[in-house]
Amino acid sequence: MKEEKIIERIRKCLALAANNPSEEEAKAAALQAQKLLAKYNISMVDIEAMEKTEEEIVESAVWFRDCVKGVARAWKYELARIVAENFRCKHFFYGRKAAVFYGHETDAKAAAEVYKYLFGMGDKLANRVTYRVLRAYHKRGESAKVSGIYNSWVKGFLKGLEESLSQQCTALMIVVPEDVVSSYAKKSENFKSINAGIQNTGFNPEAYRDGFTNGKSAMASRALEA
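Residues numbered from 1 in each chain as written. Predicted model: local features only at pLDDT ≥ 70, side-chain atom pairs only at ≥ 80, totals over all residues. Heavy atoms only, no water.

1. Some words on the overall build of the chain
Rules: Helix and strand definitions here come from DSSP, where helices need a minimum of 4 consecutive H or I residues and strands a minimum of 2 consecutive E residues; each element is numbered from the N-terminal end. Partly exposed residues are those whose accessible area sits between 20% and 50% of the maximum for their type, while under 20% is buried and over 50% is exposed, using a 1.4 Å probe and protein chains only. Throughout, a residue-residue contact means that at least one pair of heavy atoms, one from each residue, lies within 4.5 Å.
Assigned secondary structure in the chain consists of 8 helices and 3 strands. Secondary structure elements of the chain occur, N-terminal to C-terminal, as α-α-α-β-α-β-β-α-α-α-α. Burial statistics for the chain: of 226 residues in total, 42% are counted as buried. Long-range pairs, those at least 24 residues apart, make up 78% of the contacts in the chain between residues at least 6 apart in sequence.

2. Quick word on the environment of V181
With respect to the element layout, V181 can be found in helix 7 (residues 178–187). Along the chain, V181 and Y102 lie 79 residues apart, while their C-alpha atoms are 9.5 Å from each other. Once you skip the residues sitting within four places of it in the chain, V181 turns out to touch K90 and V176.

3. Regarding the packing of aromatic side chains
Rules: Whether two aromatic rings pair depends on their centres lying within 6.5 Å, for rings of Phe, Tyr and Trp, where Trp uses its six-membered ring; planes under 30 degrees apart make the pair stacked, over 60 edge-to-face, and the rest tilted. Put simply, a charge is over a ring when the Lys NZ or the Arg CZ is close to the ring centre, within 6 Å, and near the line of the ring normal, within 35 degrees.
The full count for this structure, using the stated rule, is 14 aromatic pairs. Both rings, one in W75 and one in F157, keep their centres 6.0 Å apart while their planes meet at 85 degrees; by these two values the pair is edge-to-face. Linking W75 in helix 4 (residues 75–86) with F157 in helix 6 (residues 146–172), this pair joins segments that are 82 residues apart in sequence. Taken as a pair, W75 and F157 share a single burial class, namely buried. Ring pairing ties together the aromatic residues F64, W75, Y77, F93, F101, Y115, F119, W153 and F157, which thus form one cluster. Residue placement shows R73 over the ring face of Y150; its charged tip is 4.3 Å from the ring centre.

4. Some words on the environment of K159
Relative to the assigned elements, K159 resides in helix 6. Note: C-alpha distance between K159 and I82 (77 residues apart in sequence) is 9.6 Å. Discounting chain neighbours no more than four positions away, the residues touching K159 are Y208 and F212.

5. A few points about the pairing of strand 2 (residues 90–94)
We apply this condition: Two strands are counted as paired when DSSP detects at least two bridges linking them.
Of the pairings in the sheet, the one linking strand 2 to strand 3 (residues 98–104) comprises 5 bridges and is antiparallel in character. In the sheet register, F92 faces strand 3, and the bridge partner there is V100. Between strand 2 and strand 3, which follow one another and run antiparallel, lie 3 residues, and G95 among them has a positive phi close to 55 degrees.

6. Let's talk about the confidence of the model for the chain
Applicable threshold: Confidence scores here are pLDDT values: one per residue, from the predictor, ranging 0 to 100.
Averaged over every residue, the pLDDT of the chain is 80; the share at 70 or more is 77%. This model gives residues 221–226 a pLDDT under 50, and the stretch forms 11 contacts once residues within four places in sequence are excluded.

7. Section: the packing of helix 5 (residues 105–139) against helix 8 (residues 205–217)
As a reminder of what qualifies: Here an axis means a line fitted to C-alpha atoms, over the contact stretch when the element is a helix, while the angle between two N-to-C directions is reported on a 0 to 180 degree scale. Small angles under 35 degrees read as roughly parallel and large ones over 145 as roughly antiparallel, with 65 to 115 read as roughly perpendicular and the rest as oblique. Throughout, a crossing is termed right-handed when the near helix is turned clockwise from the far one, and left-handed when it is turned anticlockwise from it by less than a right angle. Residues are grouped as follows: nonpolar covers Ala, Val, Leu, Ile, Met, Phe, Trp, Tyr, Cys and Pro; charged covers Asp, Glu, Lys and Arg; every other residue, Gly included, is treated as polar.
Two elements in contact, helix 5 and helix 8, have axes whose closest approach is 10 Å; the angle formed by their N-to-C orientations is 150 degrees. Our classification of the angle between helix 5 and helix 8 gives roughly antiparallel. The element helix 5 and its partner helix 8 pack so that their crossing is right-handed. Judged by residue contacts, L125, V129, R132 and V133 of helix 5 engage E206, A207, D210 and N214 from helix 8. Residue composition of the contact of helix 5 with helix 8, grouped by class: 4 nonpolar, 1 polar and 3 charged.

8. Observations regarding the side chain of S164
In plain terms, the rule: Polar contacts, as used here, are pairs of N or O atoms within 3.5 Å; protein pairs need one atom able to donate a hydrogen and one able to accept it. Residues neighboring in sequence count only if both atoms are side-chain atoms.
For S164, the position within the fold is in helix 6. Reaching out from S164, the side chain makes a polar contact with the backbone oxygen of K216 at a distance of 3.3 Å.

9. Some remarks on helix 8
Applicable threshold: The span one expects for a helix is its residue count, reduced by one, times 1.5 Å. The directions considered for the arc run from the helix axis to the C-beta atoms.
Given a rise of 1.5 Å per residue, 13 residues ought to cover 18 Å, and the 19 Å separating the end C-alpha atoms of helix 8 matches this to within 8%. For helix 8, every residue scored as buried is listed here: A207, G211 and G215. Down the axis, helix 8 shows its buried residues gathered within 70 degrees of arc, on one side only. Of the exposed residues in helix 8, the ones pointing more than 90 degrees away from its buried face are R209 and T213. Capping the start of helix 8, N204 holds a side-chain oxygen 3.2 Å from the backbone nitrogen of E206, two or three residues further along.

Here you go:
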């Protein structure tokens, strides 16, 4: 098998280990990557060198209107940060219209795909839980704010998602490549920041717990084949 194909197998193993909420699957993928590195006498330097020579740095945009019916969801900005950090990318925004992932082509496209999936899925589940909890409140003769339930859910979702992804990336020491960092530094010199955060409209512990659980398992169906 040619060295390029072996390196590609190793990269897929590392991606599977880094983006898999299943601890057993992540460990198995990491072990497989280590075995291949040792067997074929390949180092991470070789893999990084191949990435730099074969893949250009690109922008991969996700338009918010393509993710959910209503795009006025402040958590989309925090979600972009989490996805970018765990897919070896930098990120920025086209105003309030799109999230853009900046990195090597494979990484940027993967980040955009995962972001679109997580944003759409998260919004759908948050709405579902919101009305379920709201009905329970009404049956008890109590009142609750829709926005408070929704925002509590997405806060839990983001927390669970970040924990799930970051644990694997930390274990494998996966970071944004140096050429992407330096290129982005020049590109972003005149960028304007967007001040947007999730509003504090009342904390709902039930919604938060449900969101956290879903966030921890959100990537289970998105694992890459080794």
